[in-house]
Amino acid sequence: AAKSAVNSKTGKPMSDKLRKKLERDEEEKQNGLEKIRLKNIQSVLSKCLSPLRTVFLLFLSFLICLLFYLFCYRLRNQLKKLEKNLRRKDELSKDLHVIDFEQLKIENQTLNEKIEERNEELLKLRKKTTTTVQVLTHLKEKLQFVAAENKVILTNSETVCTFICLLMFQIGKTK
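Calculation criteria
- Residues numbered from 1 in each chain as written.
- Predicted model: local features only at pLDDT ≥ 70, side-chain atom pairs only at ≥ 80, totals over all residues.
- Heavy atoms only, no water.
- Helix = DSSP H or I, 4+ residues; strand = E, 2+ residues; numbered from the N terminus.
- Buried < 20%, exposed > 50% of the residue type's maximum accessible area, 1.4 Å probe, protein only.
- Contact = heavy atoms within 4.5 Å.
- Areas by Shrake-Rupley, 256 points an atom, 1.4 Å probe, with all protein chains shown as cover.
- Salt bridge = Lys/Arg side-chain N within 4 Å of Asp/Glu carboxyl O.
- 1 Å grid on protein atoms, 1.4 Å probe; cavity = no way out; pocket = protein on both sides within 12 Å on 5 of 7 lines; lining within 4 Å.
- Points joined across faces, edges and corners; volume = space filled by probe spheres on them.
- Nonpolar A, V, L, I, M, F, W, Y, C, P; charged D, E, K, R; others polar.

Student: Account for the overall build of the protein chain, naming residues and giving values.
Tutor: Regarding its fold elements, the protein chain presents 2 helices and 0 strands. Once the C-alpha set of the protein chain is aligned to its principal axes, its extents read approximately 130 × 30 × 15 Å. When the 175 residues of the protein chain are sorted by exposure, 12% land in the buried category. Sequence separation of 24 or more characterises 70% of the internal contacts of the protein chain that already satisfy a separation of 6 or more. Carbon and sulfur atoms provide 62% of the accessible area of the protein chain, an area that totals close to 14900 Å².

This is the structure:
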């Protein structure tokens, strides 16, 4: 179409040099438009991937809570074994001499202190679990909110892209 173009003022056919320059300019504009579209797509994708990071962090916090629960369970079992050993030693202590009995009492006292410390640790860990669960719930709610916002933004960006494509198509038609 450009080969048979005629200058409107002079009525002479357009030179090859001018035609090639115009084609080059048009190609540069198309390349620029393509780069802008790619940047737009990248920004939309980065917004979509942000909630996935949040989900991953939520999953990690869930795993931490699970490991914490297993640790507490193990501590409880150890505590039960220690208490059982203490009871057994108490029963054996009746048969032992006074000196052995005093030594066992001291040992018993230290073990009871350890049990108390572990109970305190267990209580602290339970509080941490509760806090972690609350944070996890909050993050889940926030994720749902952000996902809804992303859906709205994505819909809007698709509408804008469609509108831009339509305008580009009309501009192309009018040229």
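Student: Kindly report on the pattern of salt bridges, identifying the contributing residues and their values.
Tutor: Scanning the model with the defined rule gives 4 salt bridges in all. Of the charged contacts in the structure, one is a salt bridge between Glu23 and Arg19, with a shortest N-O distance of 3.5 Å. Placement of both Glu23 and Arg19 in helix H1 (residues 16–93) is noted, with a separation of 4 residues, approximately one turn of the helix. Take Glu23: its relative accessible area is 42%, and that puts it in the partly exposed class. Arg19 sits in the buried class, given a relative accessible area of 10%.

Student: Can you break down empty space enclosed by the protein residue by residue, with the values?
Tutor: In the structure shown here, the tally under the stated rule is 2 cavities of 30 Å³ or more. Here the second largest cavity is characterised by a volume of approximately 40 Å³. Looking at the second largest cavity, the residues that line it are Leu75, Arg76, Leu79, Arg118, Asn119 and Leu122. Going through the elements one at a time, H1 and helix H2 (98–174) are the ones with two or more residues in the lining of the second largest cavity. When its residues are assigned to classes, the lining of the second largest cavity shows 3 nonpolar, 1 polar and 2 charged.

What is shown is where atoms sit, not what they do.
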